[in-house]
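Here's the letter readout for the chains.
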Amino acid sequence: MPDLLSCVAEQPLVDHHCHGVLYRDADEATLESMLNEGAGWTGGSVFDSQAGFAFLRLCPPVLDLPPHAELGDYVARRAELGATEVSKRFLVAAGVSVLCVDTGFTPEPVTSPDELGDLAGATAYEIVRLERVAEDVAAAGVGAAGFADAVRSALATRTASAVGVKSIAAYRTGLDLRAGRPSDFEVAAAAGRWLAAAKSGPPRVADETLQRFLIWCGVDLRLPVQFHVGYGDSDVDLHRCNPLLLTPLLRAIQPTGVPVMLLHNYPYHREAGYLAQVFPQVYVDAGLATHNLGARAPALLAEALELAPYGKFLYSSDAFGLPELYYLGAALFRSALSEFLRNGLTEDLYTERAAVRLTRMICADNAKRAYQLASQM
Ligand SMILES: [Zn+2]
């Protein structure tokens, strides 16, 4: 691997979208199940992939093993060090100064934002997942008529110290959402249908009117609204996760000036770049795909930055559970950005001074501006 540009190597990252890390040790089966969004399959290993080879090239040295260590040796060394030490090593090696942590996805216990920040030696902020708040309100037994008010007040409480909210409409209804803010009457009708249907199990909101209501609640709180876009696990209908489907809603949100953060985006990263160019408040990243594309991450970054203004592009790992993923995302992002900027320098597109400035913007300052973190740091 070529050396990184020194400005890229030394720049602390703001990871504006990640989740908590596992408390427990990860054995081979856990690594296989959490390396990517896939479900694994009989007779094969998910490590036979771009993400897998990047993992085994980059991660073993952080645990004092040679690159390309065998998975069995790697797992043994991991167990020897223990989960906390392993988490600390990878999170510190990621070189992050700020983490924005989505606390709404907890299929098993993971660290809180503060615990994650302590492991990383970074400042951690919370991003509140909108659907989770609505589902908690429903589970508490609120009726349809009081649903809108109860959600607004629960969200105000939950976001008191948060820096953003997140919508997973992509997972629930797809992104072909209408534009307007639904009236409380429409919300009550939709909530009534949803609560009646949800009587038999835990409530899971998946209704176009309610998704839109939640998004507008976030806008009204004037907090940046993150959207899951594109690539995800088999729960998403990927063809309904093209960010262009959000165009009417983005147009409606634009006059409020509230930032909209399009997460992941792959394989629609070019479409997302277009939206970042034409809508002043839209920001984009290529999180999750960075480590999943492994050696192809530079191609992804170059495509994402074809149209996206450099002042609208952010770093995120979208790491969940495995501490390796925070490091892998950061390391591959750094090498992709370094290659991108080095090409620009070689072609005399800009000066070294400009490369230093772009590095600072893309790695940290764009996120600090969009989430208004500067005053808090
Ligand atoms: Zn995520």
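What counts and how
Residues numbered from 1 in each chain as written. Predicted model: local features only at pLDDT ≥ 70, side-chain atom pairs only at ≥ 80, totals over all residues. Heavy atoms only, no water. Helix = DSSP H or I, 4+ residues; strand = E, 2+ residues; numbered from the N terminus. Buried < 20%, exposed > 50% of the residue type's maximum accessible area, 1.4 Å probe, protein only. Lys, Arg positive; Asp, Glu negative; His and termini not counted. Salt bridge = Lys/Arg side-chain N within 4 Å of Asp/Glu carboxyl O. Polar contact = N/O pair within 3.5 Å; in protein donor to acceptor, adjacent residues only side chain to side chain. Contact = heavy atoms within 4.5 Å. Axes fitted to C-alpha atoms, helices over the stretch in contact; angles between N-to-C directions. Parallel < 35°, antiparallel > 145°, perpendicular 65-115°, else oblique. Pairing = 2+ DSSP bridges. Right-handed = clockwise from strand over helix to strand, strands pointing away.

Caption draft 1: Highlighting unusual backbone geometry. In this chain, Y266 is followed by P267 through a cis amide linkage whose omega measures 0°. Checked against the element boundaries, P267 lands in the loop between β6 (260-264) and α13 (269-278). A positive phi is found at H264, a non-glycine position, where the angle reads about 70°. Taking relative accessible area as the criterion, H264 reaches 1% and is therefore assigned buried. Non-glycine residue N265 carries a positive phi angle of around 70°. Mapped onto the fold, N265 is located in the loop between β6 and α13.

Caption draft 2: Summary view of the side chain of D285. Looking at the element boundaries, D285 is found in the loop between β7 (282-284) and α14 (289-292). In this structure, D285 is buried with no salt-bridge partner, the nearest side chain bearing the opposite charge being K166 at 9.5 Å. In this structure the side chain of D285 is engaged in a polar contact, spanning 3.1 Å, whose partner is the backbone nitrogen of G287. Only 2.8 Å separates the side chain of D285 from the side chain of S316, close enough to count as a polar contact. Ignoring anything within four residues of it in the chain, the contact list for D285 reads H16, L262, L263, H264, N265, F313, L314 and S316.

Caption draft 3: View of the packing of helix α3 (residues 50-58) against helix α16 (residues 323-346). Direction vectors running N to C along α3 and α16 enclose 95°, while the axes themselves pass 11 Å from each other. For the element pair α3 / α16, the angle class is roughly perpendicular. In this structure, α3 uses A51, A54, F55 and L58 to contact α16, whose residues at the interface are E324, Y327, L328, A331 and L332.

Caption draft 4: Structural view of the pairing of strand β5 (residues 225-229). For β5, the tally of buried residues reaches five of five residues, placing the bulk of the element in the interior. Bridge count between strand β4 (residues 164-167) and β5: three bridges; the pairing is parallel. Its bridge partner being in β5, K166 is matched across the sheet by Q226. Between the parallel pair β5 and β6, the chain is carried across by helix α12 (residues 247-253), and the sense of this crossover is right-handed.

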